[in-house]
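Given next are the chains, with one letter for each unit.
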Amino acid sequence: MCKIKIFSLLLTGVTLLTLPSCSEEPAYGETQDDSTYILFGKPEISLFGISSRSGMENSLDGDFCVYGYCAPRDVANNKVTNWNNAQAGWVSKSPYVIPNIFCKQRVERNGKYALDNGQLRSWETYAGLDPLQFKYTFISYYPHDGGLFTMKTRNDKSNEATAESMGVPVLTFNMPFRDTGSADPTVRLNIGDIKDAMIAAVFDRTRSQGPVDFRFEHLLSAFRFKINNYTNLLLQINRVELSGSFFRSADIDFSETTIARPKATGEYSGTFVILDGDGTPQQIASQSESGDFLGASDENSHEGVTLMLLADINADNLKNYNYLGPGTAPTLVLDYTLYNEQNNTVVADYKNVTTSFNPANPSAGVRYTVNLNFVGNEFILVFMPEGDSWEGDKDNDIIIN
């Protein structure tokens with residue numbers, strides 16, 4: 001994230017009316033001049049390590065959406081644009097900006113875009129003012145489609161922002177599940193419906209800095225599962241499900257020039273199937289670690305099933321806090337069978353064995369391996385951040401539940 005010096009430039013001065021640009025803009029696909037037109041570089045993602053086809057991405061797989069801001073509305077008269085403060089820093093002018101540079105603009109993953117008229121957007125100019133001093137802010141989310149994000153403002157959190165909506169931008173994210181109003185474990189939740197949600201912002205950008213380069217950050221935490229057998233019996237896992245109530249929404253406030261991790265709110269309830277009881281069970285030999293993650297298949301390059309969830313921040317530092325949802329922590333439910341390895345006879349068969357699923361402070365943008373260690377006659381959960389977690393991760397402790 002860029003560190004920008006914020007100047008305490010008051011939103012006062014000459015009130016100037018908005019004038020339309022008279023320059024001819026190039027058609028989409030023609031040679032572009034980044035000193036005249038707003039261009040986007042190929043976006044990056046705050047990630048290192050290997051890629052994953054089991055949920056989380058290290059490159060954009062589709063289009064992203066952009067909102068752009070420059071000159072704010074006048075403090076005394078919100079109907080007109082105060083061009084004299086186009087050079088103001090974001091913190092001082094954000095309560096008065098409107099997304100009239102870009103409003104819900106679709107941009108391809110390679111940075112190419114076109115306005116509704118098939119042309120590009122020019123940098124702003126105004127007679128008597130130096131356009132090189134104008135400061136722009138660009139806010140983006142991914143994916144563009146899917147209805148996961150809605151841009152609003154502090155002034156109106158009930159309606160989607162238009163190009164004329166004034167106020168601090170507030171981006172609302174929703175998980176792709178409806179609020180059931182009450183916990184109902186019979187509702188089946190499809191892991192495949194969860195898309196890798198990301199946001200990015202570039203603050204106080206000037207024309208002379210050239211193309212706008214976004215660096216996206218992930219909003220969700222991710223979990224995949226591995227079984228380790230520390231007994232003298234062969235362990236067969238027949239079913240693994242996660243049931244409970246989970247956080248659904250988050251509001252990202254863009255009043256500052258850094259993106260703070262948002263507080264999670266709302267809820268949805270149901271059950272995620274990690275290993276289907278009607279599918280192929282997984283066997284782990286005695287005193288062995290599983291070679292594959294649960295749900296490994298050719299379709300996910302044998303990386304297993306990755307479950308992405310919205311985690312909260314525990315702003316009040318409460319003890320034994322449930323980071324994944326309101327109320328009690330979700331429950332992991334297992335069916336498993338124990339065999340004598342010498343003669344392959346069943347020693348014991350267990351169904352609906354439960355354990356609490358409560359990782360301590362999972363970080364956004366980190367994928368954890370949930371080690372289900374079978375010791376004696378119980379499972380001990382150990383959450384370990386993987387090597388292909390996102391940059392900036394400070395949570396390198398092993399979490400034991």
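The structure under discussion appears in the preceding block.
Quick look at the structure, then. (Residues numbered from 1 in each chain as written. Predicted model: local features only at pLDDT ≥ 70, side-chain atom pairs only at ≥ 80, totals over all residues. Heavy atoms only, no water.)

## Let's talk about the sheet that holds strand β5 (residues 149-153)
Consideration 1: With respect to topology, four strands assemble into an open sheet ordered β5-β6-β12-β13, the strand pairing being antiparallel. Both outer strands of the open sheet, β5 and β13 (264-265), are each paired with one neighbouring strand and no more.
Consideration 2: Here five bridges tie strand β6 (residues 169-174) to strand β12 (residues 249-253), and the two strands are oriented antiparallel to one another. From the neighbouring strand, Asn-174 faces β12, where its bridge partner is Ser-249. (Pairing = 2+ DSSP bridges. Helix = DSSP H or I, 4+ residues; strand = E, 2+ residues; numbered from the N terminus.)

## Thoughts on the pattern of salt bridges
A pair can form between side chains of opposite charge whenever their charged atoms are brought close.
Consideration 1: Taken as a whole, this structure holds 16 salt bridges when the rule is applied.
Consideration 2: Two residues, Glu-241 and Arg-239, come together in a salt bridge whose shortest N-O distance is 2.9 Å. Accessibility assignment for this pair places Glu-241 and Arg-239 in one class, buried.
Consideration 3: The partner of Glu-386 in a salt bridge is Arg-367, with the nearest N and O atoms 2.8 Å apart. Taken together, the residues span a long stretch of sequence, with Glu-386 in the loop between β21 (378-385) and β22 (399-400) and Arg-367 in strand β20 (residues 367-375) at a distance of 19 residues. Each member of the pair, Glu-386 as well as Arg-367, carries the same accessibility label: buried. (Salt bridge = Lys/Arg side-chain N within 4 Å of Asp/Glu carboxyl O. Buried < 20%, exposed > 50% of the residue type's maximum accessible area, 1.4 Å probe, protein only.)

## Side note on the sheet that holds strand β1 (residues 44-45)
Consideration 1: Within the open sheet, the six strands sit side by side as β1-β9-β8-β4-β2-β3. Their pairing is mixed. Where the open sheet ends on each side, the last strands, each with one partner, are β1 and β3 (102-107).
Consideration 2: Pairing geometry for strand β4 (residues 136-142) and strand β8 (residues 198-205), over six bridges, is antiparallel. The residue of β8 that forms the bridge with Ile-139 is Ala-201.

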